[in-house]
Amino acid sequence: MPDELTWRGGARYSSLVIDQQSDTRERLVATARELFWAHGYHATGISRILAEAGAGSGSLYHFFRSKEALLLAVLDHYLELLDPVIVEPAFSRTTDPLARIGALLDVYREALLATGFVGGCPIGNLALEVSDLGPEVREGLQRNFRAWCARVEACLAAALPSQPADVHATLATFVLTVMEGAVMQARASRSIAPFDASVRHLRAYLDHLTAEATE
């Protein structure tokens, strides 16, 4: 039977191996996320993901059964990043519920300008490219869209409390549709004008609904 020192040494070794494996998996997911966003899912080869992640040739299939499984992990990662990276910074700018929706849309506007209209919304990009891969991928995309809409829906519920929940849900989907379409048009024209026009009309519509509800 091993003594305490041997056991504790083995535990430390096991912990180190687990940490290294976890670190490698996280690097693969983070690298794939960046490459899929920059170049697309189909154009990104496994060899490039491994090389840029600094991982061995067999690492990917040690953690993921396929490239599609890695994509699912990337979609889960985006879901984890939604609040800390997108929603919370936007909502910290204001406490007004409709202004929070505007601040959320401003995040995408700022990203378009910062990247020179390259990249766009990563989930929107993937939805256009990989939604035919299968139901698991579509569900991963939908989880991200539903989570985004849920944050907007909460703002609409606060701004329009007299409206039923199904109206809030429909309006939240409409906001998502406007955002994705505005991003796509801005990228296609290499101009922020289509984005600003779309968001301006959306804001006018939401203001109208709020005024109507108040009356």
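That block above? That's the structure.
All of the points below concern the structure found in this document.

**Side note on the environment of Arg-151**
- Positionally, Arg-151 belongs in helix α7 (residues 135–159).
- Taking relative accessible area as the criterion, Arg-151 reaches 23% and is therefore assigned partly exposed.
- Considered as a pair, Arg-151 and Phe-91 are 60 residues apart in the sequence and their alpha carbons are 9.9 Å apart.
- Dropping the residues within four chain positions of it, Arg-151 is found in contact with Leu-82, Asp-83, Val-87 and Phe-91.
- There is a polar contact of 2.8 Å between the side chain of Arg-151 and the side chain of Asp-83.

**A closer look at the packing of α7 against helix α8 (residues 165–189)**
- The geometry of α7 relative to α8 is characterised by a closest axis approach of 8 Å and an angle of 120° between their N-to-C directions. Looking at the two axes, α7 sits oblique to α8. You can see that α7 and α8 cross each other, and the crossing is right-handed. Side by side, α7 and α8 meet where Phe-145, Trp-148, Cys-149, Val-152, Glu-153, Leu-156 and Ala-157 of the first sit next to Ala-165, His-168, Ala-169, Leu-171, Ala-172, Thr-173, Val-175, Leu-176, Met-179 and Glu-180 of the second.
- By residue class, the composition of the contact of α7 with α8 is 13 nonpolar, two polar and two charged.

**Let's talk about the pattern of salt bridges**
- Across all of its chains, the model carries eleven salt bridges by this definition.
- Among the salt bridges present, the one from Asp-83 reaches Arg-151, with a minimum N-O distance of 2.8 Å. Highlighted residues: Asp-83 in helix α4 (residues 67–91) and Arg-151 in helix α7, separated in sequence by 68 residues.
- A relative accessible area of 22% means that Asp-83 is categorised as partly exposed.
- Between Asp-196 and Arg-109 there is a salt bridge, with the nearest N and O atoms lying 2.7 Å from each other. Of the two residues, Asp-196 is situated in helix α9 (residues 193–214) and Arg-109 in helix α5 (residues 97–114); the sequence distance between them amounts to 87 residues.
- On the basis of relative accessibility, which here comes to 22%, the residue Asp-196 falls in the partly exposed class.
- In this structure Arg-109 comes out as partly exposed when scored by relative accessible area, which is 26%.
- Linked through salt bridges whose partners overlap, the residues forming this network are Asp-76, Glu-139, Arg-143 and Arg-146.

**Observations regarding the nonpolar core**
- Counting residues in each nonpolar core, the largest one holds 65 residues, and the members touching the most others are Ile-101, Tyr-108, Leu-126, Trp-148 and Phe-195.
- If you list the elements that add at least two residues to this core, you get α1 (4–39), α2 (46–53), α4, α5, α6 (122–130), α7, α8 and α9.
- Broken down by element, the residue count for this core peaks at 13 residues, all from α4.
- For Phe-195, the contacting residues outside a window of four places in its chain are Leu-105, Tyr-108, Arg-109, Leu-112, Met-179, Ala-182, Val-183 and Ala-186.

**A closer look at the side chain of Arg-33**
- Along the chain, Arg-33 falls in helix α1.
- In this structure the side chain of Arg-33 is engaged in a polar contact, spanning 3.2 Å, whose partner is the side chain of Glu-34.
- Not counting the four nearest positions on each side in its chain, Arg-33 is found in contact with Val-74, His-77, Tyr-78 and Leu-81.

**Here's the deal with unusual backbone geometry**
- Unusually for a residue other than glycine, Phe-117 sits at a positive phi of about 65°.
- With respect to the element layout, Phe-117 can be found in the loop between α5 and α6.
- One non-glycine residue, Arg-190, adopts positive backbone phi at about 50°.
- Here Arg-190 shows up in the loop between α8 and α9.

**Considering the packing of α5 against α9**
- The N-to-C vectors of α5 and α9 enclose an angle of 175°; their axes lie 11 Å apart at closest approach. The orientation of α5 relative to α9 falls into the category roughly antiparallel. Residues Leu-98, Ile-101, Gly-102, Leu-105, Asp-106, Tyr-108, Arg-109 and Leu-112 of α5 lie in contact with α9, whose contacting residues are Phe-195, Asp-196, Val-199, Leu-202, Arg-203, Leu-206, Asp-207 and Thr-210.
- Residues belonging to the contact of α5 with α9 are distributed by class as follows: nine nonpolar, two polar and five charged.

Conventions adopted
- Residues numbered from 1 in each chain as written.
- Predicted model: local features only at pLDDT ≥ 70, side-chain atom pairs only at ≥ 80, totals over all residues.
- Heavy atoms only, no water.
- Helix = DSSP H or I, 4+ residues; strand = E, 2+ residues; numbered from the N terminus.
- Buried < 20%, exposed > 50% of the residue type's maximum accessible area, 1.4 Å probe, protein only.
- Contact = heavy atoms within 4.5 Å.
- Polar contact = N/O pair within 3.5 Å; in protein donor to acceptor, adjacent residues only side chain to side chain.
- Axes fitted to C-alpha atoms, helices over the stretch in contact; angles between N-to-C directions.
- Parallel < 35°, antiparallel > 145°, perpendicular 65-115°, else oblique.
- Left-handed = near helix turned anticlockwise from the far one by under 90°.
- Nonpolar A, V, L, I, M, F, W, Y, C, P; charged D, E, K, R; others polar.
- Salt bridge = Lys/Arg side-chain N within 4 Å of Asp/Glu carboxyl O.
- Core = buried A, V, L, I, M, F, W, Y, C linked by side-chain atoms within 4.5 Å.

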